[in-house]
Amino acid sequence: MVLQQPEVRVCSSCQSLEASSAVAQIEAEIAQLNEVLRRRQLIGVETGLPARRFAITPEQAMTLTVADADDENRGVANSKLRIVKDQP
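Residues numbered from 1 in each chain as written. Predicted model: local features only at pLDDT ≥ 70, side-chain atom pairs only at ≥ 80, totals over all residues. Heavy atoms only, no water.

**Student:** So what exactly am I meant to see when it comes to the overall build of the protein chain here?
**Tutor:** A tally of regular secondary structure across the protein chain gives 3 helices and 0 strands. When the helices and strands of the protein chain are placed in sequence order, the string is α-α-α. In the protein chain, buried positions account for 11% of the 88 residues. Sequence-distant contacts, at least 24 apart, represent 42% of the contacts inside the protein chain between residues at least 6 apart. Entry remark: accessible area of the protein chain is about 7500 Å², with carbon and sulfur atoms responsible for 57%. (Helix = DSSP H or I, 4+ residues; strand = E, 2+ residues; numbered from the N terminus. Buried < 20%, exposed > 50% of the residue type's maximum accessible area, 1.4 Å probe, protein only. Contact = heavy atoms within 4.5 Å. Areas by Shrake-Rupley, 256 points an atom, 1.4 Å probe, with all protein chains shown as cover.)

**Student:** Hey, could you run me through the pattern of salt bridges in this one?
**Tutor:** Pairs may arise between side chains of opposite charge once their charged atoms sit close together. Summed over all chains, the structure comprises 2 salt bridges. With a closest N to O distance of 2.7 Å, Arg39 and Glu35 form a salt bridge. One end of the pair is Arg39 and the other is Glu35, both in helix α1 (residues 12–54) and 4 residues apart, which spans about a single turn. Overlapping salt bridges, with partners in common, bring together Glu35, Arg38 and Arg39 in one network. (Salt bridge = Lys/Arg side-chain N within 4 Å of Asp/Glu carboxyl O.)

**Student:** Quick question: what am I supposed to make of unusual backbone geometry here?
**Tutor:** In most cases, non-glycine residues show a negative phi, while peptide bonds are predominantly trans. If you check the backbone angles, Ala55 has positive phi at about 55° while not being a glycine. If you trace the backbone, Ala55 turns up in the loop between α1 and α2 (58–71). Judged by its relative accessible area of 73%, Ala55 falls in the exposed class.

**Student:** What is the right way to look at the confidence of the model for the protein chain in this model?
**Tutor:** The predicted structure's coordinates, where accompanied by low pLDDT, should not be read in detail. Confidence along the protein chain averages 76 in pLDDT terms, with 60% of residues attaining 70 or more. No element of the protein chain has a lower mean pLDDT than helix α3 (residues 76–86), which averages 54, and none a higher one than α1, which averages 87. (pLDDT = per-residue confidence, 0-100.)

**Student:** What am I meant to see in the side chain of Thr47 here?
**Tutor:** Topologically, Thr47 is positioned in helix α1. Dropping the residues within four chain positions of it, Thr47 is found in contact with Pro58, Ala61 and Met62.

**Student:** Can you walk me through the environment of Ala61 in this structure?
**Tutor:** Topologically, Ala61 is positioned in helix α2. As for Ala61 and Gly48, which are separated by 13 residues in sequence, their C-alpha atoms are 7.4 Å apart. Residues in contact with Ala61, not counting those within four places in the same chain, are Thr47, Pro50, Ala51 and Ile56.

See below:
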């Protein structure tokens, strides 16, 4: 004797709820990726400005920028303003 599993039917409103939940999750991931990209571009500027100004490598510029931010207990993004302001 073979037992058959009962057919489970999902109402269309339940499917719609699941779909909208999946869309919301994807939208949140896209927003997070956009923020990561924005920060990565900002970090590129953060290292590019001192690298060009002082003729050093981007790695050295990153070390300089992070040390500056740590020393003054402020974010890396804020140190860019001082570097730009100090340029002749």
